[in-house]
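Residues per chain, in single letters:
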Amino acid sequence: MNTPASTTSTSHVLRMEWIISELLRWGVFVSLVLLTVGTVLCFVRSGDYGQAGGTAADFHRLLAQHHAPPATFHATLHGILHLQGEAIILPGLLLLIATPVLRVAVSIVAFVLEKDRIFAAITTVVFLLLLLSFALGKAG
Amino acid sequence: MTPLLFTLLITLISVSAGLLGSLVGVGGGIIVVPALTLLMGVDIRTAIAASIISVIATSSGAASGYVRQRLTNLRLAMLLETATAAGALCGAFLAALISGRWLYLLFGLVLIYTAWSMSRKPSHAAGTLPEDPWADRLKLHTSYFDKALNQEIAYRVSRTKLGLAVSYVAGVLSGLLGIGGGVLKVPVMNLAMGIPLKVCTATSNFMIGVTAATGAAVYFTRGDVQPFIAAPVAVGVLLGAKLGSRLLGHLQSHWIRIAFVLVLLVSSLQMFLKGLR
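Here the structure is a predicted model, which means the values were calculated and not measured. (Residues numbered from 1 in each chain as written. Chains lettered and ligands numbered in written order. Predicted model: local features only at pLDDT ≥ 70, side-chain atom pairs only at ≥ 80, totals over all residues.)

(A) Broad picture of the overall build of chain A. Secondary structure summary: chain A contains five helices and zero strands in total. Secondary structure elements in chain A, listed N-terminal to C-terminal, are α-α-α-α-α. Looking at chain A as a whole, 36% of its 140 residues are labelled buried. Here the contacts in chain A between residues at least 6 apart in sequence split such that 58% fall between residues at least 24 apart. (Helix = DSSP H or I, 4+ residues; strand = E, 2+ residues; numbered from the N terminus. Buried ≥ 20, exposed ≤ 12 C-beta atoms within 10 Å, placed from the backbone. Contact = placed C-beta atoms within 7 Å.)

Right under this line is the structure:
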């Protein structure tokens, strides 16, 4: 980052890249913390991963689960307040899934600020395609 | 196997998947899926959902490091991503119409051919690339600082249209077969577009995360993303990818090339096994 750059409008590009990289770093960090804390809680609290004392029986029960618990806002908030491990893991996973999409969204803003119309448009197309495929995937 | 042992083993395996994936620009699926299904007996649907999470983790875990080192060509990534995202949409629709069997076999052959051409390429690209008015107009040419060579490397981008076409095909295949497009995008950027290998890896790393995000959102809302399985995968891969992003700049390109060729050969083997089953 403290290397000489030879591109035009370098300061803008570097500032934009810096913003994007900070956003990603924090998103990833928060998600990592949620996933780790949630997993540890699942082991510590006897009700979750250790119902049968953390044995092979628990492992097979967990593998046989075919549906993740509902990730509604209310259930998640309730779970977090009661320190339920899985309720903390799920928002961690959701945040992780959201980081690339957020990155595209921030890039649109950055290209607009750079007055780079072509790339603001290109990035908007990517963003719309993402939303479209998400909407269609959910429907189908 | 106990829950604790499973979590520790899967985290460790995922660290290696994140490390390898971030270095060569592909998702960690080729390690994560077999480890979960063959080693641990996780069913394939849950394993694929966890593997898509691992692709995003590979991408996001390494991304901030790559952006800081200016290894990611963000403009090129965004341009090619339009084609990949459109392709992935088409692929998802085609999946209902086309049987995967012969596609797996065909793709297996394509990967072997790709491995062969990647292994023949000398580390220092000879510069006889055609001029490309598209790349000029879109200002895709730029430079990065190579820590292994200890110098600023300026590069020009060529054959943008071919890159877009291959990115589209990579998107269709990822929608059809559920594979990441990195195995196609890295070779086309390196061999046809004349981009330094490390930049190809980092740029592909950006794109696979964006492509995987929509798939992951769908799996998540369906409830296929199991916290018990996905959490250790995500944690391990994030750590591995972080490590990879520190390493890539310092590595000699030919080591990355060798690792990539091995990844291609293993992927093609997996494609043949799926096609012949």
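(B) Inspection of the overall build of chain B at higher detail. Each helix and strand in chain B was counted, giving 11 helices and two strands. In chain B, the order of α-helices and β-strands from amino to carboxyl end is α-α-α-α-α-α-β-β-α-α-α-α-α. Each of the three principal axes of chain B carries a C-alpha extent, and together these read 55 × 40 × 30 Å. When the 277 residues of chain B are sorted by exposure, 62% land in the buried category.

(C) Up close: the interface of chain A and chain B. Every contact between the two is made by 54 residues of chain A and, on the other side, 54 residues of chain B. In terms of residue class, the side of chain A that touches chain B is made up of 32 nonpolar, 17 polar and five charged. (Nonpolar A, V, L, I, M, F, W, Y, C, P; charged D, E, K, R; others polar.)

(D) Up close: the pairing of strand β2 (residues 151–155) of chain B. Residues and elements named next belong to chain B. As paired elements, strand β1 (residues 142–146) and β2 share five bridges and run antiparallel to each other. The residue bridging S143 from the neighbouring strand is A154, located in β2. The loop that links β1 with its antiparallel partner β2 comprises four residues; one of these, N150, has a positive phi angle of about 55°. (Pairing = 2+ DSSP bridges.)

(E) Representation of the nonpolar core within the structure. Core analysis: the largest hydrophobic core is formed by 126 residues, its most contacted members being L93 of chain A together with I53, I56, A216, A230 and A234 of chain B. Looking at which element gives the most residues to this core, the answer is helix α9 (residues 197–222) of chain B, with 15 residues. (Core = buried A, V, L, I, M, F, W, Y, C linked by C-beta atoms within 7 Å.)

(F) Region of interest: the packing of helix α4 (residues 85–113) of chain A against α9 of chain B. α9 of chain B packs onto α4 of chain A with a crossing angle of 140° between their chain directions and a minimal axis gap of 9 Å. On the basis of their axis angle, the class for α4 of chain A and α9 of chain B is oblique. Note that α4 of chain A runs across α9 of chain B; the crossing there is left-handed. Residue-level contacts link L93, L94, I97, P100, V101 and V104 of chain A of α4 of chain A to G209, V210, A213, A216, A217 and F220 of chain B of α9 of chain B. Residue classes in the contact of α4 of chain A with α9 of chain B are distributed as 11 nonpolar, one polar and no charged. (Axes fitted to C-alpha atoms, helices over the stretch in contact; angles between N-to-C directions. Parallel < 35°, antiparallel > 145°, perpendicular 65-115°, else oblique. Left-handed = near helix turned anticlockwise from the far one by under 90°.)

(G) Region of interest: the packing of helix α3 (residues 73–81) of chain A against α4 of chain A. All names here are of chain A. Running from N to C, α3 and α4 cross one another at 125°; their axes reach a closest spacing of 7 Å. As far as their axial angle goes, α4 and α3 are oblique. Judged by the twist between their axes, the crossing of α3 over α4 is left-handed. Touching T76, G79 and I80 of α3 are E86, A87, I88, L90 and P91, all from α4.

(H) Layout of the environment of I30 of chain B. Residues and elements named next belong to chain B. Mapping I30 onto the fold places it in helix α2 (residues 29–39). Separated by 201 residues in sequence, I30 and A231 place their C-alpha atoms 18 Å apart. Leave out the neighbours within four places in its chain, and I30 touches V263, V266, S267 and Q270.

(I) Spotlight on the environment of I153 of chain B. Residues and elements named next belong to chain B. Mapping I153 onto the fold places it in strand β2. Here I153 falls in the partly exposed class, since 13 other C-beta atoms lie within 10 Å of it. Sequence separation between I153 and S143 is 10 residues; the distance between their C-alpha atoms is 5.4 Å. Ignoring anything within four residues of it in the chain, the contact list for I153 reads S143, Y144, D146 and P196.

(J) Region of the structure containing unusual backbone geometry. All names here are of chain B. If you check the backbone angles, R70 has positive phi at about 55° while not being a glycine. Among the secondary structure elements, R70 is positioned in the loop between α3 (44–68) and α4 (74–94). With 23 C-beta atoms counted inside 10 Å, the residue R70 sits in the buried group. Unlike most non-glycine residues, N150 shows phi in positive territory, near 55°. Note that N150 resides in the loop between β1 and β2.

(K) Spotlight on α4 of chain B. The terminal C-alpha atoms of α4 of chain B, which comprises 21 residues, lie 30 Å apart, in line with the 30 Å expected from a rise of 1.5 Å per residue. Counting buried positions along α4 of chain B yields 18 of 21 residues, so the element is predominantly enclosed. (Expected span 1.5 Å × (residues − 1).)

(L) Geometry of the environment of L23 of chain A. Residues and elements named next belong to chain A. Note on placement: L23 falls in helix α1 (residues 10–44). Through-space distance from the C-alpha of L23 to that of T99 is 8.3 Å; in sequence the pair is 76 residues apart. In contact with L23, other than residues within four places in its own chain, are L102, R103 and V106.

(M) Region of interest: α3 of chain B. All names here are of chain B. Helix length check: α3 (25 residues) gives 36 Å between terminal C-alpha atoms against 36 Å at 1.5 Å per residue, within 8%. Of all the bends in α3, the greatest, near 40°, is centred on A62. When you tally the buried positions in α3, you get 23 out of 25 residues, the bulk of the element. At the C-terminal side of α3, R70 shows a positive phi close to 55°. (Bend = angle between axes of the 7 residues up to and from the residue.)

(N) Expanded view of the confidence of the model for chain A. Of all residues in chain A, 81% have pLDDT values of 70 or greater, and the mean over the chain is 80. Confidence scores differ between elements of chain A, with α3 of chain A showing the lowest mean pLDDT of 74 and α4 of chain A the highest of 89. (pLDDT = per-residue confidence, 0-100.)

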